[in-house]
Each structure stands twice: as C-alpha cells, then as structure tokens.
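Secondary and tertiary structure notes
So the chains spell out like this:
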Amino acid sequence: MTPTLADSTRGVSARVTQFTESVIREMTRLAAEYDAVNLAQGFPDFPAPDFIKEAAIQAIRDDINQYAVTWGDPLLRQALSAKYARWYGMEVTDANITVCCGSTEAMISTLIAVLNPGDETVIFEPFYENYGPDSILSGAVPRFVTVRQSADGWSFDRAELAAAFNLRTRAIIINTPNNPTGKVFTRAELEFIRDLCIQHDCLAITDEIYEHIIYDGRQHIPLATLDGMAERTITISGISKTFSVTGWRVGWALAPARLAGGIRKVHDFLTVGAPAPLQVAAAKAMDQGDEYCRQLSADYTARRQRVVPALQRAGFQCTAPEGAYYILTDVTPFLGMCGGEEFARWLVREVGVATVPGSSFYHDAALGAAQTRFCYSKTDPTLDAAMRKIAALSKR
Ligand code: GLN
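Residues numbered from 1 in each chain as written. Predicted model: local features only at pLDDT ≥ 70, side-chain atom pairs only at ≥ 80, totals over all residues. Heavy atoms only, no water.

Bringing the overall build of the protein chain into the picture now. When you go through the protein chain residue by residue, the secondary structure sums to 13 helices and 14 strands. For 396 residues, the compact-globule estimate of 2.2 N^0.38 gives 21 Å, and the C-alpha radius of gyration of the protein chain, at 21 Å, lies within 12% of that figure. Counting across all 396 residues of the protein chain, residues that qualify as buried make up 56%. Within the protein chain, contacts between residues at least 6 apart in sequence are counted, and of these 75% link residues at least 24 apart. Total accessible area on the protein chain stands at roughly 16600 Å², and carbon and sulfur atoms take up 53% of it. Distance from the positive charge centre (38 side chains) to the negative charge centre (45 side chains) of the protein chain: 2 Å. (Helix = DSSP H or I, 4+ residues; strand = E, 2+ residues; numbered from the N terminus. Rg over C-alpha atoms; globule rule 2.2 N^0.38 Å. Buried < 20%, exposed > 50% of the residue type's maximum accessible area, 1.4 Å probe, protein only. Contact = heavy atoms within 4.5 Å. Areas by Shrake-Rupley, 256 points an atom, 1.4 Å probe, with all protein chains shown as cover. Lys, Arg positive; Asp, Glu negative; His and termini not counted. Charge placed at Lys NZ, Arg CZ, Asp CG, Glu CD.)

As a further point, take the sheet that holds strand β11 (residues 326–330). The antiparallel open sheet is built from 3 strands, whose spatial order is β11-β14-β13. Where the open sheet ends on each side, the last strands, each with one partner, are β11 and β13 (356–357). Taken together, the 5 bridges between β11 and strand β14 (residues 371–375) define a ladder with antiparallel strand orientation. Looking across to β14, one finds that Tyr-326 is bridged to Cys-375. (Pairing = 2+ DSSP bridges.)

This part takes up helix α12 (residues 343–350). Taken together, the buried positions of α12 are Phe-343, Ala-344, Trp-346, Leu-347 and Val-348. Elements that come into contact with the buried residues of α12 comprise α2 (23–33), β12 (353–354), β13, β14 and α13 (380–393). Once α12 ends, the next one or two residues include Gly-352, with phi positive near 85°.

What follows concerns the site of the ligand. Around the ligand sit Ile-24, Arg-25, Gln-41, Gly-42, Tyr-128, Asn-179, Tyr-210, Lys-241, Tyr-326 and Arg-373, and those are all the residues in its vicinity. Between the ligand and Lys-241 there is a distance of 3.1 Å, counted from a nitrogen atom to a side-chain nitrogen or oxygen. Considered on its own, the ligand offers 300 Å² of accessible surface; in the complex 86% of this is hidden by protein. When grouped by side-chain class, the residues that make up the shell around the ligand number 4 nonpolar, 3 polar and 3 charged. (Near = heavy atom within 4 Å. Polar contact = N/O pair within 3.5 Å; in protein donor to acceptor, adjacent residues only side chain to side chain. Nonpolar A, V, L, I, M, F, W, Y, C, P; charged D, E, K, R; others polar.)

Next up on the list: unusual backbone geometry. Most peptide bonds take the trans configuration, and most residues that are not glycine carry a negative phi. At the junction of Glu-125 and Pro-126, the peptide bond is cis and its omega measures out at 5° in the coordinates. Among the structural elements, Pro-126 can be located in the loop between β3 (120–125) and α6 (131–137). In this structure, Pro-180 follows Asn-179 across a cis peptide bond, with omega equal to 15°. Here Pro-180 shows up in the loop between β7 (169–175) and α8 (187–199). Even without a glycine there, the phi angle at Ser-244 is positive, about 55°. Take Ser-244: it is sitting in the loop between β9 (233–238) and β10 (251–254). Even without being glycine, Arg-249 reaches a positive phi, approximately 65°. Note on placement: Arg-249 falls in the loop between β9 and β10. According to the relative accessible area criterion, Arg-249 is partly exposed, its value standing at 28%.

Let's shift gears to the nonpolar core. Counting residues in each nonpolar core, the largest one holds 68 residues, and the members touching the most others are Ile-239, Phe-316 and Ile-390. It is helix α11 (residues 290–314) that provides the largest number of residues to this core, a total of 9 residues. Leave out the neighbours within four places in its chain, and Ile-390 touches Leu-311, Ala-314, Phe-316, Leu-347, Val-353 and Phe-374. Grouped together as the second largest cluster of nonpolar side chains are 58 residues, Ala-36, Phe-165, Leu-203 and Ile-205 included. (Core = buried A, V, L, I, M, F, W, Y, C linked by side-chain atoms within 4.5 Å.)

What follows covers the packing of aromatic side chains. Per the stated rule, a full pass over the model turns up 20 aromatic pairs. Relative to Phe-185, the ring of Phe-124 lies with its centre 5.2 Å away and its plane at 55°, an arrangement referred to as tilted. You can see Phe-124 sitting in strand β3 and its partner Phe-185 sitting in the loop between β7 and α8, a full 61 residues away along the chain. Between Phe-243 and Tyr-292, the ring centres sit 5.3 Å apart and the planes meet at 10°, which makes this aromatic pair stacked. In this pair, Phe-243 is assigned in the loop between β9 and β10 and Tyr-292 in helix α11, connecting sequence segments 49 residues apart. Since its relative accessible area comes to 3%, Phe-243 is described here as buried. A connected cluster of aromatic rings, assembled from ring pairs, spans Phe-46, Tyr-210, Tyr-300, Tyr-325 and Tyr-326. In this structure, Lys-83 packs its charged tip against the face of Trp-87, placed 5.4 Å from the ring centre. (Phe/Tyr/Trp six-rings, centres within 6.5 Å; stacked < 30°, edge-to-face > 60°. Lys NZ or Arg CZ within 6 Å of the ring centre and 35° of its normal.)

A separate point is the pairing of β14. On a regular strand, one side chain projects to one face of the sheet and the next to the other, so that they alternate. The buried fraction of β14 amounts to 5 of the 5 residues, a majority that puts the element mostly inside the structure. Residues of β14 alternate between two faces, with Gln-371, Arg-373 and Cys-375 on one and Thr-372 and Phe-374 on the opposite face, all of them buried. Two elements, β13 and β14, share 2 bridges in a ladder whose sense is antiparallel. Paired with Val-356 across the bridge in β14 is Arg-373.

As a further point, take the sheet that holds strand β4 (residues 141–146). On the basis of which strands lie adjacent, the open sheet formed by 7 strands has the order β2-β10-β9-β8-β7-β3-β4 and mixed pairing. On the outer flanks of this sheet lie β2 (97–100) and β4, each paired with one strand and no other. On average, each strand axis in the sheet is inclined to that of its neighbour by 20°, with strand direction left out of account. Sheet contacts for α8: β3, β7 and β8 (203–207); angle to β7, the most-contacted strand, approximately 165°. (Axes fitted to C-alpha atoms, helices over the stretch in contact; angles between N-to-C directions.)

What follows is the structure, given as structure tokens:
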C-alpha cells in the first residue's frame, strides 16, 4: 500500500506537525548536492580569530570539561556584565543572565518561560524562521506586522503595528540588526515600540545577535537601554556571529531577575548548560575583543560592497543592508525563468548558487514568493565565484 501523509507523520505530536524543517539548513544540503556556492545559511566560511581559538584550547587543556553552572560559568557572567556596561551603559547583574546553547536556545527558553498558551506575540515579518516554530512550541499565537522595502530601505507602518497589540499581547519580538532584511531599527522606531510595550504592559524580546555587524556609522541600540524598558526587556545575543563561531553554541538571555528564574529553569531542563570550555573562551574573547568588534563592521562593509552592486547589476532589486550580513532581494525580473518553481530552488540547481527562498521568512509563503536571501559572511573567493555565476544569469 502507498504510505499516506498520515502514515509518514504517525507518532509525531500535533504541535510539531504544524511546522516544517528549517529551509535554511535544507538549502545548505541542496548546495552540497548540486555542488553550488552556498550563500544560503548564515555562517562564515573563514576562520575564527586566533585569540578565541587559543582561549578554547587553553580551557580544554585546563580540564574545564564538566558541566558549568547551569545558567553560565561565573567567568562568562562577569565578562557579560562588564561588556554590557562598557558598550551600552547597561546594568546587567549576575541574577539577570542565563547562558544558553546559542541565542536560538535563549529565544525558545525565553518564550517557553514567559508565554502561556493563547498569549499573543507580535512579530515583524519577514522574520528569522525560528520565531514561527518557537511561537508554536511555546503555545503562543503570533501576529505578524510586515516590514516593506522602498528606495529608502525597510520600514513598517506605525498604525499597523499599534493595531497588532491587544489585551492578549504578551510580548513583541524584535531582531535588530535584522535577519533577513538588514534593517537596523532607529531610536525613534524603538521609542515607538517602547511606548506600545508600556501602554499594553507587555514584554520585548530582542534578538541582537548581529549587534556588532552594523554599517555606515550606525550605532546598535539595545531596546533595554530605553527609559522604562530594562524592566520589561529580554535581551538575547551570543558569540556565534561576532566571533565567527556559529558551531560553538554559546549565547545568552539577559532578563529582569523575576523572569530570569523562569528562563533558567527551562534552560536547565532543555540542555543543562552550554559547552563549558567554550564559555570560558567566550569570556576571554569578550574581555579582549573590543578592538576586534570595532574592526568587524569594516570587514563586513567590504564584503557588502563586493555583493550588493554585483546583484544590482545582474537585475536583483535590493538596497544595501544597514546591518547583519544578508540581502533580501526582489527577484521579480527572474520569475519567468523558473517555470513556476521557487526561484531559490531553481537557482541552486541551474545556476549553482544557494540562497534562501523569501517564502521561509513569512507566515504566508506567497508574501515572499518574489524574494530570495543572499548571505555574504563568506571569503572573497566564495563571493566572487557566486557573483560570476549570478552575472551569467542576466545573459540567459
Ligand atoms: N542565522 C543563520 C541564518 O539565518 C543560521 C540559521 C541556522 O541554521 N541556525 O542563516
């Protein structure tokens, strides 16, 4: 008998059947299958800086091999307090910090810790794909507010955002600098969001993993630093993107102490703790890495320059990102070539460049059907190889 869909998912919970596997990671697999240049998944293909690698090697030599304190090695918690004070003037005490297995775990632990089934979350879309399944896993109902592109970059409609809040709204999720749009929320936008959070007595959960990848002199503004927000913001970040160590899985959630207790409990039962020697290495990197962090934006500016004009010349409609390392392009001019197939799937097979289909950043796939995301956290030869293939596209 031919297996039915019901057979193929038998035994899987109703909750889990509501979402699909990560399209981002699927595109990485397709890149390998078609031997394509992988500008899909957001990870660097260049080495991490020596100082963080040496710190990790030393930590293992020092036999830091057993469980760290569940909510974080004291050295890392101290380094985090010092770093947030130094960079942003934030007062982060020991009681606020939960170190997690990457900011991904920090986000899901936070959502499970603060949301009740039926609570609503406000999420800007396009969104980083995890927020959809995260909401489902935590029982919350997401409300989406669309961020749209114009010649001036990406922006949202304030009335639309205000209308998304209601009595059931418990939290808003903000990702700045943003994946996939590259938007950096301005102080005025953050103040508008702050006012809504206060008016509706809800939390802000901020994903700031790209805090140090920000262009053209912009400054990263943690929402928690705005008046009235320290008490209602959970700030999430990690070392993955800053130090090019996405596989180490060290991130954190900074929360008011009353919430941190809940986050720590969820984190404890999900993972016990993040890798102990890598937490010690992260602490050292944070203590020594300010100059490196300042240089990071300059390095990424050069990569951005290698890619954005080349994409524009080839016919992709896009503006230069303000932060992070992605370009969400409009691919309308190419849609005739794909015979109805999703552009990104066609592109990886026929042209040999892997990207992430825009549909995976929207709750309604149709909204992203004419978009695809390029990632440029790659070496110059990788970027140049991809742009050569892309340039040939316009001649098809
Ligand atoms: N944040 C990265 C991206 O958007 C990596 C995602 C992942 O695979 N965890 O591509």
